[in-house]
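# Observations on chain architecture
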Amino acid sequence: MTYRKRMAIFGRSKHPAADVAEPVEIVQRPSLPDPPDADEAGLRPVAQHRDYLLSLAPSLRPFGVGLLDVSGLTLCESLRSDLDLPVYTAALTDGWAVRASNLVGASAEHPIALPVVGSVDPGSLPVTALSPGTTVWVPFGSAVPDGADAVVPAAEVNEIPGIGELPDGIRFTAEVAYHQNLYPRGDRIGDGDPLLPDGTVVNPRMVSMLAEVGHDKVLARPRPRVVVATIGVELVDPGLPLTRITQLYDSTTVMVAAAAHQELAQVFPIGIWPEDISVLRSILAEQLVRADLVLLVAKSSPQLIEAMSSLGPIDVADVAMWPNGPRLFGKIGTESTPVLVLPEGAIQA
């Protein structure tokens, strides 16, 4: 705490009690962690500088991202299936659903006859289980009733004629293997099976799998929002005319923006701005509402250092890299948004 005197607007207060000092709370300005040490030449090694800056850029908070937007993002949860695929046991041929154990010993010389107790409608699930010693008709792709563990193709049996549409019974002249002509429930994916572990970078094939098991969104880190700007007086945006022989087209901002876009960032190029402290301070403050990172292509000039330091703590370091000169980084605004200043020129940046 520090203290100051309360003074009247026009000179000293007429009331002695008003001159009593009152406490004033001082808000501590945030600061950056201690940077790595420089080498004998007074330069910070590049690898240590990079690692230091990365340590100052926290990971974005994950949230539920829809499947149409999740490709390329990193999962922040481990996913399991909560259903079977396929969701029912299906027949792979038109035929008769049976219990394989009921046909043990069947042959052409000793056929086994089973009564027909019904049929399965395509697209519907059987209501009752198949009783031992019976059979039902199932079309290709239809769900077989519980209890049935094989399907015998229609061409491999002899029907016993009946009065209605279905025969009274079927003579089977061969044994049948367990799960023959069946696509078992859960054969591809079972309820509870692991799908994708935490940390997986999602691709379109994974999106298809997640949709097939019913997921509509997953917990993932969002695409970072990157604002890219250039500070300079002799640079011109591509597509505009050059009006002086000293002017150059700005290729660096385009390159930096393209690099960020290639890394799946949402990129917001905001053009070329003059080196004016009030303008720079205003621009930086305005862009923070939509930025997770700000990339400035500019010289680390005293004006830029002053503008950034007025908005938050900064790091200015001579780094062992070409071209020579100080490298500027800051965390500005109420959200401590990282701001990285890159040198002018595409090769240097």
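Residues numbered from 1 in each chain as written. Predicted model: local features only at pLDDT ≥ 70, side-chain atom pairs only at ≥ 80, totals over all residues. Heavy atoms only, no water.

### Quick look at the overall build of the chain
Across its full length, the chain holds five helices and 22 strands. A compact globule built from 349 residues would reach a C-alpha radius of gyration of about 20 Å, whereas the chain, at 37 Å, exceeds it by more than 25%. Here the C-alpha coordinates of the chain stretch approximately 120 × 70 × 45 Å along the principal axes. A buried classification covers 35% of the 349 residues belonging to the chain. Here the contacts in the chain between residues at least 6 apart in sequence split such that 68% fall between residues at least 24 apart. (Helix = DSSP H or I, 4+ residues; strand = E, 2+ residues; numbered from the N terminus. Rg over C-alpha atoms; globule rule 2.2 N^0.38 Å. Buried < 20%, exposed > 50% of the residue type's maximum accessible area, 1.4 Å probe, protein only. Contact = heavy atoms within 4.5 Å.)

### Examining the packing of helix H4 (residues 277-287) against helix H5 (residues 302-309)
Their axes nearest at 9 Å, the elements H4 and H5 cross at an angle of 45 degrees. When the axis of H4 is compared with that of H5, the two are oblique. For the element pair H4 and H5, the recorded crossing hand is right-handed. For the pair H4 and H5, contact is made by Ile-277, Leu-280, Arg-281 and Leu-284 and by Gln-303, Leu-304, Glu-306, Ala-307 and Met-308, respectively. Looking at side-chain class alone, the contact of H4 with H5 contains six nonpolar, one polar and two charged residues. (Axes fitted to C-alpha atoms, helices over the stretch in contact; angles between N-to-C directions. Parallel < 35°, antiparallel > 145°, perpendicular 65-115°, else oblique. Left-handed = near helix turned anticlockwise from the far one by under 90°. Nonpolar A, V, L, I, M, F, W, Y, C, P; charged D, E, K, R; others polar.)

### Things to note about the sheet that holds strand S22 (residues 337-342)
Pairing is mixed in the open sheet, where six strands are placed in the order S18-S15-S19-S22-S21-S20. Two strands close off the open sheet at either side, each with one partner strand: strand S18 (266-273) and strand S20 (314-318). Each strand of the sheet is rotated relative to its neighbour by a mean of 15 degrees, with strand direction disregarded. Judged from the six bridges that link them, strand S15 (residues 225-231) and S18 form a sheet pairing that is parallel. Each residue of the ladder has a partner; that of Thr-230, found in S18, is Ile-272. Relative to the sheet, helix H3 (residues 252-262) contacts S15, S18, strand S19 (293-297) and S22, its axis offset from that of S15 by approximately 170 degrees. Relative to strand S21 (residues 326-332), H5 is tilted by about 20 degrees, and along the sheet it contacts S15, S19, S20, S21 and S22. (Pairing = 2+ DSSP bridges.)

### As for the environment of Gly-66
Along the chain, Gly-66 falls in strand S3 (residues 63-66). Judged by its relative accessible area of 25%, Gly-66 falls in the partly exposed class. In this structure, the C-alpha to C-alpha distance between Gly-66 and Ala-220, residues 154 residues apart in sequence, is 9.5 Å. Apart from the residues lying within four places of it in its own chain, the contact partners of Gly-66 are Asp-216 and Lys-217.

### Some points on H5
It helps to recall that an α-helix has 3.6 residues per turn; residues three or four apart then point in one direction. Of the residues making up H5, those classed as buried are Leu-304, Ala-307 and Met-308. The buried side chains of H5 occupy one side of the element, clustering within an arc of 95 degrees when seen end-on. Contacts from the buried residues of H5 go to S15, H4, S19, S20, S21 and S22. (Arc of directions from axis to C-beta.)

### Overview of the side chain of Gln-287
Inspection of the secondary structure puts Gln-287 in helix H4. Non-local contacts of Gln-287, meaning those with residues more than four positions away in its chain, are made with Val-227 and Ile-270.

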